[in-house]
Amino acid sequence: MTQSGSHEADGADLLAVTSAVVAASRLLVGIAVRSLAEVEGKVTLPQFRMLVVLNEQGPTNLVTMAGLLGVTSPTAMRMADRLVLAQLVVREVSPHSRRESIMNLTSQGRRLVAKVMARRQAEVAAIVSRMTSEQRRAVIEALTVFNQAGEESVATPVHPLGWPEEHR
């Protein structure tokens, strides 16, 4: 194959992969939105994302939270204010600096995150259950590579499909 033909094939591959990932992202966003349907009006998708970060990170200060969410500190503050009013988040004075406040989930906030995540996981599991074990392995491999390329960490990589050590 000529070098020009190789570039055309690379471009076609890139377009095919990009199209597949965009289609998958539409599916996943739909699942995320449907999982929030039961708590509609209580939290928005960005606010829920803050709750999830607090659930994973534990007590977090505003500047760190803004960085983790990729928003400005004033935006994170407004989100936190709404979540405090909804009694899903509590703010406390930092034990390290009295000028800094730390956000944390309330028990109600933890229950909301657990409920929404369980619904989301059930919907994804229903889709995955329609795949063969070979397709599931391919999805794990592809998404692992995709997450690594996007610098997204997977909290607890679990491979119950009997993968050999070199794939873990």
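Residues numbered from 1 in each chain as written. Predicted model: local features only at pLDDT ≥ 70, side-chain atom pairs only at ≥ 80, totals over all residues. Heavy atoms only, no water.

## A short note on the packing of helix 2 (residues 45-57) against helix 5 (residues 107-128)
Heads up, the rule is: Only the contacting stretch of a helix is used when fitting its axis, a line to C-alpha atoms as for every element, and angles between N-to-C directions run 0 to 180 degrees. Secondary structure elements follow DSSP: runs of H or I no shorter than four residues count as helices, runs of E no shorter than two count as strands, and numbering proceeds from the N terminus. Here the angle decides the label: under 35 degrees means roughly parallel, over 145 means roughly antiparallel, 65 to 115 means roughly perpendicular, and every other value means oblique. Contact between two residues is taken to exist if any of their heavy atoms lie within 4.5 Å; hydrogens are not considered.
Running from amino to carboxyl end, helix 2 crosses helix 5 at an angle of 105°, the nearest separation of the two axes being 10 Å. As the angle between them shows, helix 2 and helix 5 are arranged roughly perpendicular. Of the residues in helix 5, those in contact with Leu45, Phe48, Leu51, Val52 and Asn55 of helix 2 are Arg110, Leu112, Val113, Val116, Met117 and Arg120.

## Observations concerning the pattern of salt bridges
So the rule is basically this: Any carboxyl oxygen of Asp or Glu within 4 Å of a side-chain nitrogen of Lys or Arg constitutes a salt bridge here.
Going through the model one piece at a time under the given rule, you end up with two salt bridges. Between arginine 34 and glutamate 123 there is a salt bridge; the shortest N-O distance is 2.4 Å. In this pair, arginine 34 is assigned in helix 1 (residues 3-35) and glutamate 123 in helix 5, connecting sequence segments 89 residues apart.

## Quick notes on the packing of helix 3 (residues 62-69) against helix 4 (residues 73-85)
Here is the rule: Any residue that is not Ala, Val, Leu, Ile, Met, Phe, Trp, Tyr, Cys, Pro, Asp, Glu, Lys or Arg is counted as polar, Gly included; the first ten are nonpolar and the last four charged.
As a packed pair, helix 3 and helix 4 sit with axes 9 Å apart at the nearest point and diverge in direction by 105°. Relative to helix 4, the element helix 3 lies roughly perpendicular. Taking contact as the criterion, the partners of Leu62, Val63, Ala66 and Leu69 in helix 3 are, on helix 4, Ser73, Ala76, Met77 and Met79. Split into classes, the residues belonging to the contact of helix 3 with helix 4 amount to seven nonpolar, one polar and no charged.

## So, unusual backbone geometry
Let me state the cut-off plainly: Three labels apply to residues, based on accessible area from a 1.4 Å probe with only protein chains included: buried if under 20% of the type maximum, exposed if over 50%, partly exposed otherwise in between.
The backbone phi angle of glutamine 87 is positive, close to 60°, even though this residue is not glycine. Mapped onto the secondary structure, glutamine 87 falls in the loop between helix 4 and strand 2 (89-93). We classify glutamine 87 as exposed; its relative accessible area is 54%.

## Some points on the sheet that holds strand 3 (residues 101-105)
Put simply, the rule reads: A pair of strands is labelled paired if DSSP reports no fewer than 2 bridges between them.
One open sheet accounts for three strands, arranged 1-3-2; its pairing is antiparallel. Strand pairing shows two members of the sheet lacking a second neighbour, strand 1 (60-61) and strand 2, which therefore form its edges. The sheet contact formed by strand 2 and strand 3 spans five bridges and is antiparallel. Paired with valine 89 across the strands is leucine 105, a residue of strand 3.

## Remarks on a nonpolar patch on the surface
Applicable threshold: Note that patches include only residues with greater than 30% relative accessible area and no salt bridge, and the join distances are 9 Å for like charges and 5 Å for nonpolar side chains (Val, Leu, Ile, Met, Phe, Trp, Tyr). Accessibility throughout is a Shrake-Rupley quantity obtained with a 1.4 Å probe, and a residue counts as covered only by protein chains that appear here.
A cluster of nonpolar side chains, namely Val17, Val21, Val139, Leu143 and Phe146, defines an oily patch on the protein surface of about 390 Å² accessible area. Those elements that place two or more of their residues in the nonpolar patch are helix 1 and helix 6 (133-149). Ranked by residue count, the leading element in the nonpolar patch is helix 6, at three residues. The partly exposed category is assigned to phenylalanine 146, whose relative accessible area is 44%.

## Examining the pairing of strand 3
As paired elements, strand 1 and strand 3 share two bridges and run antiparallel to each other. Considered in strand 3, the bridge of threonine 60 is made with methionine 103.

## Thoughts on helix 5
Three- or four-residue spacings in an α-helix give side chains the same orientation, since the helix completes a turn every 3.6 residues. So the rule is basically this: Multiplying 1.5 Å by the helix residue count minus one yields the expected span of that helix. This arc corresponds to the set of directions leading from the helix axis out to the C-beta atoms.
Between its first and last C-alpha, helix 5 extends 31 Å over 22 residues, near the 32 Å set by a 1.5 Å rise per residue. Along helix 5, the positions that sit buried rather than exposed are Gly109, Leu112, Val113, Val116 and Arg120. Looking down the long axis of helix 5, one finds its buried residues gathered within 95° of arc, a one-sided arrangement. Set apart from the buried face of helix 5 by more than 90 degrees, the exposed residues are Arg111 and Gln121.

## Description of the nonpolar core
The nonpolar side chains of a soluble globular protein tend to be buried, and buried together. To keep things clear, this is the line we draw: What makes a nonpolar core is a set of buried Ala, Val, Leu, Ile, Met, Phe, Trp, Tyr and Cys residues whose side-chain atoms join them at distances within 4.5 Å.
If you look at the biggest cluster of nonpolar residues, it comprises 25 residues, and the most contacted ones within it are Val43, Phe48, Met50, Leu51, Met103 and Leu112. At the level of secondary structure, the elements contributing two or more residues to this core comprise helix 2, helix 3, helix 4, strand 3 and helix 5. It is helix 2 that provides the largest number of residues to this core, a total of six residues.

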